[in-house]
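# Residue-level structural notes
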Amino acid sequence: MPHSTVTNGVPETRPEVIETPLLIVGAGPAGASLACFLSHPPYSMTGMLISAASSTSQTPRAHITNPAAFECLRDIDLEETCLSQAVEGDCMVHTRWCHDMTGEEYGRIYSWGNDPKRRGEYESGTPCHHVDLPQTIFEPIVVQRAAAQGWDVRFKTSFVNFEKEGNGKILSRIRDELTKTEFLVRSDYLFGCDGARSQVLRELKIPLIKKPGQGLALNILVKVDLSDYVEARKGNLHWVFQPEREYSDFAWSGLIRMVKPWHEWMFILFPKPGVEWKEPTMEQYAQRCKEIVGRDDLPLEIINVSKWYINEIVAEYYSDGNIFCLGDAVHRHPPFNGLGSNTCVQDAFNLAWKIKYVSQGLASPSILETFSQERQPVGVGVITRANQGIRDHVPVWKEMGLMEETVEKRMEIFNSLKSATPEARERRKRVNAAIEGTSHEFHGIGVEMNHRYESAAVYVEDEIKAGRQKPEWPEDPILHHKVSTYPGHRLPHAWLNKTMPEKEHTSTIDLAGHGQFCLLTSIGGEKWIEAAAKVGAELGVEINAHSIGWGQEWVDVYRDWERRREVEEDGCVLVRPDRFVAWRSMELADDCESKLKEVMKAVLGRS
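The rules we used
- Residues numbered from 1 in each chain as written.
- Predicted model: local features only at pLDDT ≥ 70, side-chain atom pairs only at ≥ 80, totals over all residues.
- Heavy atoms only, no water.
- Helix = DSSP H or I, 4+ residues; strand = E, 2+ residues; numbered from the N terminus.
- Buried < 20%, exposed > 50% of the residue type's maximum accessible area, 1.4 Å probe, protein only.
- Areas by Shrake-Rupley, 256 points an atom, 1.4 Å probe, with all protein chains shown as cover.
- Lys, Arg positive; Asp, Glu negative; His and termini not counted.
- Charge placed at Lys NZ, Arg CZ, Asp CG, Glu CD.
- Expected span 1.5 Å × (residues − 1).
- Contact = heavy atoms within 4.5 Å.
- Phe/Tyr/Trp six-rings, centres within 6.5 Å; stacked < 30°, edge-to-face > 60°.
- Lys NZ or Arg CZ within 6 Å of the ring centre and 35° of its normal.
- Domains from an automatic or database assignment.
- Buried area = accessible area lost by both parts, 1.4 Å probe.
- Salt bridge = Lys/Arg side-chain N within 4 Å of Asp/Glu carboxyl O.
- Polar contact = N/O pair within 3.5 Å; in protein donor to acceptor, adjacent residues only side chain to side chain.
- 1 Å grid on protein atoms, 1.4 Å probe; cavity = no way out; pocket = protein on both sides within 12 Å on 5 of 7 lines; lining within 4 Å.
- Points joined across faces, edges and corners; volume = space filled by probe spheres on them.
- Nonpolar A, V, L, I, M, F, W, Y, C, P; charged D, E, K, R; others polar.
- Pairing = 2+ DSSP bridges.
- Axes fitted to C-alpha atoms, helices over the stretch in contact; angles between N-to-C directions.
- Core = buried A, V, L, I, M, F, W, Y, C linked by side-chain atoms within 4.5 Å.
- Patch = residues over 30% accessible without salt bridge, like charges linked within 9 Å, V, L, I, M, F, W, Y side chains within 5 Å.
- UniProt positions renumbered as here; feature names shortened; annotations may be inferred.
- Disulfide = S-S within 2.5 Å.

### Notes on the overall build of the protein
A count of helices and strands for the protein gives 20 helices and 30 strands. Residues classed as buried in the protein amount to 57% of the 607 residues present. For the protein, the computed accessible surface area is about 25200 Å², with 50% contributed by carbon and sulfur atoms. Distance between charge centres in the protein, computed from 70 positive and 87 negative side chains, equals 3 Å.

Spelled out as structure tokens, the structure:
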């Protein structure tokens, strides 16, 4: 009930105060996945999850779900649920350039791990794979899981502001948009997962690093059955160029994206740069969509029209004390490379275990500062890459003559591509090279997986003392993944099995995680396993220890772990609950127990 006080003889009503340990603002990929990670055993932490929207997303904005995100969802048994509702990779095998969806094709490139030349790198790097999982499907999965695990989920509920109380708690003012009444929520932690217009970020006054945006874009969600035209040229992204047409100001260029094969599509249109925006009619939208399809006689229904801006923005830092911002609130960028919702999920996975350990008194509150230290550089890389993804397409447009102002000039260059002149031969080479240059968007496993955390939650003192340098990134760190056990890198994946197999195989990824630390060793490393049990018991932190090798608990059947572990058999690799390497010992230590205790206390901020 509201509380009443008297000020100058006038009764003053104070809104009701709800007590909860955790308040998450925003039920999108960042907020809802954070709720799932926090409430999944052994965390089992719940609170209130609010969203100003009336429901989960009604438009399939984000859609590519990559292995780095799936490794997180795999940790809480959500991978299979997501895969059961996703469109698998055989429907997203290509990105294409064409005149229209039913007509001439100019070229194509393999995408999302489907290139035969790249498939081995993908399969050796992770047990997971890319799928097309639209936000309209993913959000209900994580929101429903959060609610089932005890979260109080409220839509049409807005965050207004907050104040810090003297005891360190946060008092947030919340508005119920249905009744237009306000109430207060007192929480130990506040999480701003409220998207690109984050009110939590504004209230914190966190500065933003902004680069000039690249203009407006339009999403036109359309139902049109193209089954007869894409079966022989499958792909989930199709760039459409029609040089013989006068470009519409609102649709200077565009592409069509699969939503549901092969009858629901997102037409993404880019207005002509430098032209004053004028809102098209629905008839104009429909006509342009029919031109992109290439058939006037196919039934076409526009379901939704929305606008978005091509931003290149990242927050200078992600947290302030016990208030954290993550997801699109802190990194805003176009959907190129499919990094958006994937980065949101990984932000949440990084933060969840730290909140749990601090809340249970297992780690110092100082460990919470490592969230921003580790994830903000990732955000910088993501917004930079996503925007470069747009720029990578410009050479294709240029060499095909599509950026010329007049139809005559465009057609002159375009038609010359079919001629046998030396000039045309060189232009064809440039077109082919330009198309190949877009592979950084469609085969960027490096930008998806090459994260190296540098913070107090990573123990590198032994590396420094031994003079071991950080691993060098590949020559092209966007296209290729660097596998390493150097502290701060993600745990390398390798398939293992039991001496007498119980199932097909198990990944090293699956031995780690699950809210606990993990120690991996091999023959001669028995003392590390004993130390893990003793140190874990003393610190109150479970450290799951496993031995991998000949005749051990786990057999390195393909010898991949031996090639990737970078430590001796009697050494060890210590892995954090988020499956990033916390520390490694190249060989057996003189006193395994004291060394492991030293490292664990440092990583947990308890030293």
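### Things to note about helix 5 (residues 135–148)
In this model, helix 5 (14 residues) spans 20 Å end to end at C-alpha, consistent with the 20 Å of a helix rising 1.5 Å per residue. All buried positions along helix 5 are accounted for by Gln135, Phe138, Glu139, Pro140, Ile141, Val142, Val143, Arg145 and Ala146. Looking at the buried side of helix 5, the elements it contacts are helix 1 (29–39), strand 5 (48–50), helix 2 (67–75), helix 3 (79–85), strand 10 (152–154) and helix 9 (340–359). Positive backbone phi, approximately 110°, marks Gly150, located one or two places after helix 5.

### Structural notes on the packing of aromatic side chains
Here the structure, examined in full by the defined rule, presents 22 aromatic pairs. On the numbers, 6.0 Å between centres and 85° between planes, the contact of Trp112 with Phe442 is edge-to-face. Here Phe442 lies in helix 14 (residues 439–442) and Trp112 lies in the loop between strand 8 (105–110) and helix 4 (119–125), a separation of 330 residues in the sequence. A residue is classified by how much of its surface remains accessible, and Phe442, at 1% relative accessible area, is buried. Ring centres of Trp262 and Trp265 lie 6.0 Å apart, and the angle between their planes is 25°; this geometry places the pair in the stacked category. Taken together, the ring pairs in this structure connect Trp239, Phe241, Tyr247, Trp252, Phe270, Phe336 and Trp397 into an aromatic cluster. When the ring centre of Tyr357 is taken as reference, the NZ or CZ atom of Lys356 above it lies at 4.6 Å. Over the ring of Tyr247 we find Arg410, and its NZ or CZ is 3.8 Å from the ring centre.

### A word on the domain arrangement of the protein
Domain boundaries in the protein define domain 1 (17–88 + 130–209 + 316–372), domain 2 (387–449) and domain 3 (460–604). Using only C-alpha atoms to locate each centre, domain 1 and domain 3 end up separated by 29 Å. Of the residues lining the interface, 18 residues belong to domain 1; the matching set on domain 3 comes to 19 residues. Taken together, the two surfaces of domain 1 and domain 3 that pack against each other cover about 1500 Å², and 48% of this comes from carbon and sulfur. On the surface where domain 1 and domain 3 come into contact, there are three salt bridges. Where Arg74 meets Asp510, a salt bridge forms, and the shortest distance between an N and an O atom there is 2.7 Å. On the surface where domain 1 and domain 3 come into contact, there are seven residue pairs in polar contact (both at pLDDT 80 or more).

### Section: the layout of surface pockets
A volume near 360 Å³ is recorded for the second largest pocket. Here the lining of the second largest pocket is built from residues that sort into eight nonpolar, five polar and three charged.

### Quick word on the sheet that holds strand 24 (residues 331–332)
With antiparallel pairing, three strands are arranged side by side in an open sheet as 15-21-24. The open sheet has two free edges, formed respectively by strand 15 (208–211) and strand 24, since each of these has just one partner strand. Note that strand 15 and strand 21 (residues 312–315) share four bridges and pair antiparallel. Considered in strand 21, the bridge of Ile209 is made with Val314. On top of the sheet, helix 10 (residues 369–391) reaches strand 15, strand 21 and strand 24; it is set at about 180° to strand 21, its chief contact.

### Quick look at the nonpolar core
The tendency in soluble globular proteins is for nonpolar side chains to be buried side by side. Counting residues in each nonpolar core, the largest one holds 94 residues, and the members touching the most others are Phe191, Leu326, Ile355, Phe517, Leu574, Leu596 and Met600. Residue contributions to this core peak at 10 residues, all from helix 9. For this core, the two domains that each supply at least three residues are domain 1 (17–88 + 130–209 + 316–372) and domain 3 (460–604). Apart from the residues within four sequence positions on either side, Ile355 is in contact with Leu22, Leu38, Met45, Tyr189, Phe191, Phe324 and Leu368. Residues Met92, Trp112, Ile268 and Leu417 belong to the second largest nonpolar core, which totals 31 residues.

### A word on the pairing of strand 30 (residues 581–585)
Of all five residues that make up strand 30, five are buried, and the element is covered over most of its length. Of the pairings in the sheet, the one linking strand 29 (residues 572–575) to strand 30 comprises four bridges and is antiparallel in character. Looking at the pairing, Val573 lines up with Arg584 of strand 30.

### So, a negative patch on the surface
A surface patch of like charges, here negative, comprises Glu562, Glu568, Glu569, Glu587, Asp590, Asp591 and Glu593. With respect to the secondary-structure elements, Glu587 resides in the loop between strand 30 and helix 20 (592–603).

### Concerning the UniProt feature "domain: FAD-binding" (unreviewed entry) in the protein
The positions UniProt marks with the feature "domain: FAD-binding" (unreviewed entry) are residues 19–385. Overall, residues 19–385 shows 29% helix and 28% strand. The separation of its end C-alpha atoms is 41 Å.

### Thoughts on the state of the cysteines
One pass over the structure, following the stated rule, counts zero disulfides. In this model Cys36 remains outside any disulfide bridge; the closest cysteine sulfur is found in Cys82, 9.2 Å from its own.

### Some remarks on the side chain of His99
Along the chain, His99 turns up in the loop between strand 7 (94–98) and strand 8. A polar atom in the side chain of His99 sits 2.7 Å from the side chain of Asp100. Reaching out from His99, the side chain makes a polar contact with the side chain of Glu244 at a distance of 2.7 Å.

### Digging into the sheet that holds strand 19 (residues 264–270)
The strand order across the open sheet built from seven strands is 8-7-17-18-19-16-20, with neighbouring strands paired in mixed fashion. Both edges of this open sheet fall to strand 8 and strand 20 (301–309), since each of them pairs with a single strand only. Between one strand axis and the next, the sheet turns by 20° as a mean value, whatever way the strands run. Bridge count for strand 16 (residues 216–223) against strand 20 is eight bridges, and the pairing is antiparallel. Across the sheet, the residue bridging to Lys223 is Glu301, located in strand 20.

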